[in-house]
Amino acid sequence: MPDSQPSAPHHVPIAGVLGWPIAHSRSPRLHGHWLQRYGIDGHYIPIPVMPEHLAEVLRAMPRMGFVGANVTIPHKESVLALADVVTDRAALIGAANTLIFRSDGKIHADNTDGYGFIANIRQHVPGWIPDLGPAAVIGAGGAARAVVASLLESGVTELRIANRTRIRAEQIKAEFGAKVVVYDWAQAGNMLEGAITVVNATSMGMQGKPPLRIPLDALAPGTLVTDLVYTPLMTPFLEEAQARGCEIVDGLGMLLHQAAPGFERWFGHRPEVDDELRRAVLG
Ligand code: ATR
């Protein structure tokens, strides 16, 4: 139940990231860098929360001085039911990553992953024109949903998608509409034909996982190719795309950019995403 907060004098804003497990999250380092860089008196901490404790923890946080939080695996979907206000894009994606604890006690849930995805591309390829040709998305998990939403919002008129488990891609088509064209996983290489934007939204290629195995022969030079995986920064998929003359964008920038709107809301300063931040996060 929402209740209003009397604001304490000299209140130092606290934010954090809720997940289970949370030890490997890079968000504390990211926000910590910004806090230090801008000389802001605030804190950002990792908070391990088991799924069965999420509701209880969220209720207590505003009373502990928290102004908001990021949420990550496994809470991104379940947090929607616990929020008082859910943005349209979070509802469409079916997940939230950014919470704002409003002064009236209400929890506001947003999803900035799609924003981060597009901002990363625009930063590295300013001349990218999303509606110039089809986009191809490989994967249909939670991250893919944010990518699909943001590409369609950016004006993409044909969005091709293939996923190992086809039904998840069909589900995205059912929710996002006629611009989405589902390809069979065995035909994923074919959907690259004529595509001007290609995205790996699966976890394949991540450290400790096998690389994405899709024939890339149909990739034309100059195609914008990006990967959501950022460990390693240069995935086998990006390496091969680069060798084929494609314009590649690694996935770290999406993580950096998705963090900016939350930081601005919580700490009152629009932070910069630049090489200094990249270096700090890579540590
Ligand atoms: P996230 O929220 O990071 O997207 P997810 O919802 O578990 O995580 O989705 C992971 C994506 O990687 C899915 O598209 C998944 O395919 P399935 O829907 O078939 O599971 C994809 N993926 C993971 N391992 C894979 C593999 N070995 N081969 C092909 N696709 C894989």
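In this text the structure is predicted, and so the values were computed from the model without any measurement.

A. Region of interest: the nonpolar core. Phe117, Val137, Val148, Leu151, Leu159 and Ile161 are the most contacted members of the largest nonpolar core, which totals 31 residues. Sorting the residues of this core by element identifies helix H5 (113–124), strand S7 (135–138), helix H6 (142–153), strand S8 (159–162), helix H7 (166–176) and strand S9 (180–183) as the ones contributing at least two each. Residue contributions to this core reach at least three from each of two domains, namely domain 1 (14–111 + 254–282) and domain 2 (114–250). Discounting chain neighbours no more than four positions away, the residues touching Val137 are Ala144, Val147, Val148, Leu151, Leu159, Arg160, Ile161, Ala162, Met191, Val199 and Ala201.

B. A look at the domain arrangement of the chain. Partitioning the chain into domains gives domain 1 (14–111 + 254–282) and domain 2 (114–250). Between domain 1 and domain 2, the C-alpha centre-to-centre distance is 26 Å. Taken together, the contact between domain 1 and domain 2 spans 14 residues of the former and 18 residues of the latter. Roughly 1400 Å² is buried in total at the junction of domain 1 and domain 2, and carbon and sulfur atoms are behind 58% of that figure. The largest share of the area that domain 1 buries against domain 2 comes from Ile93, Met254 and His257, three residues that together contribute 43% of it. Our count for the contact surface shared by domain 1 and domain 2 stands at one salt bridge. There are five residue pairs in polar contact (both at pLDDT 80 or more) connecting domain 1 and domain 2. Looking at the side of domain 1 that touches domain 2, the elements that each hand over two or more residues are helix H4 (88–93), helix H9 (252–267) and helix H10 (275–282). The element contributing the most residues to the side of domain 1 that touches domain 2 is H9, with five residues. Residues that form the side of domain 1 that touches domain 2 fall into these classes: seven nonpolar, three polar and four charged.

C. Just the layout of surface pockets, in detail. There is about 1600 Å³ of room inside the largest pocket. Lining the largest pocket are 50 residues, with Thr72, Ile73, Ala143, Met206 and Tyr230 sitting closest to its centre. Ranked by residues supplied to the lining of the largest pocket, first place goes to H6 with four residues. Classifying every residue of the lining of the largest pocket by side-chain character gives 25 nonpolar, 17 polar and eight charged. Three or more residues apiece are contributed to the lining of the largest pocket by two domains, here domain 1 (14–111 + 254–282) and domain 2 (114–250).

D. Representation of the site of the ligand. Around the ligand, a shell composed of 14 residues is seen, among which Ala143, Asn163, Arg164, Thr165 and Arg168 lie nearest. Ala143 has a polar backbone atom sitting 3.0 Å from an oxygen atom of the ligand. One of the side-chain N or O atoms of Thr165 is found 2.5 Å from an oxygen atom in the ligand. Protein chains shield 70% of the accessible area of the ligand, which is 640 Å² for the free molecule. Here the ligand is seated within the largest pocket. In terms of residue class, the shell around the ligand is made up of four nonpolar, seven polar and three charged.

E. Focus on the UniProt feature "active site" (unreviewed entry) in the chain. The UniProt entry lists Lys76 under the feature "active site" (unreviewed entry), expressed in the numbering used here. Here Lys76 is to be found in the loop between strand S3 (66–71) and helix H3 (79–82). Aside from chain neighbours lying at most four places away, what touches Lys76 is Val71, Ala95, Ala96, Asn97 and Asp113.

F. How the structure looks around the packing of H6 against H7. Packing of H6 against H7 brings their axes to within 11 Å, and their N-to-C directions diverge by 35 degrees. Relative to H7, H6 is oriented so that their crossing is right-handed. On the side of H6, the interface is formed by Gly142, Arg145, Val148, Ala149 and Leu152, while H7 contributes Arg168, Ile172, Glu175 and Phe176. Partitioned by chemical class, the residues of the contact of H6 with H7 number five nonpolar, one polar and three charged.

G. Representation of the sheet that holds S9. Ordered by their spatial adjacency, six strands build an open sheet running S9-S8-S7-S10-S11-S12, and the pairing between neighbours is parallel. The open sheet has two edge strands, S9 and strand S12 (247–249), and neither has a second partner. Here the strands of the sheet are splayed against their neighbours by 20 degrees on average, with no regard to which way each runs. Here S7 runs beside strand S10 (residues 197–200); their pairing, made up of four bridges, is parallel. Its bridge partner lying in S10, Val137 is registered against Val199. Packed on one face of the sheet, helix H8 (residues 236–243) meets S7, S10, strand S11 (224–227) and S12 and runs near 165 degrees to S11.

Calculation criteria
- Residues numbered from 1 in each chain as written.
- Predicted model: local features only at pLDDT ≥ 70, side-chain atom pairs only at ≥ 80, totals over all residues.
- Heavy atoms only, no water.
- Core = buried A, V, L, I, M, F, W, Y, C linked by side-chain atoms within 4.5 Å.
- Buried < 20%, exposed > 50% of the residue type's maximum accessible area, 1.4 Å probe, protein only.
- Helix = DSSP H or I, 4+ residues; strand = E, 2+ residues; numbered from the N terminus.
- Domains from an automatic or database assignment.
- Contact = heavy atoms within 4.5 Å.
- Buried area = accessible area lost by both parts, 1.4 Å probe.
- Salt bridge = Lys/Arg side-chain N within 4 Å of Asp/Glu carboxyl O.
- Polar contact = N/O pair within 3.5 Å; in protein donor to acceptor, adjacent residues only side chain to side chain.
- Nonpolar A, V, L, I, M, F, W, Y, C, P; charged D, E, K, R; others polar.
- 1 Å grid on protein atoms, 1.4 Å probe; cavity = no way out; pocket = protein on both sides within 12 Å on 5 of 7 lines; lining within 4 Å.
- Points joined across faces, edges and corners; volume = space filled by probe spheres on them.
- Near = heavy atom within 4 Å.
- Areas by Shrake-Rupley, 256 points an atom, 1.4 Å probe, with all protein chains shown as cover.
- Sits in = over half its atoms within 2 Å of the grid points.
- UniProt positions renumbered as here; feature names shortened; annotations may be inferred.
- Axes fitted to C-alpha atoms, helices over the stretch in contact; angles between N-to-C directions.
- Left-handed = near helix turned anticlockwise from the far one by under 90°.
- Pairing = 2+ DSSP bridges.

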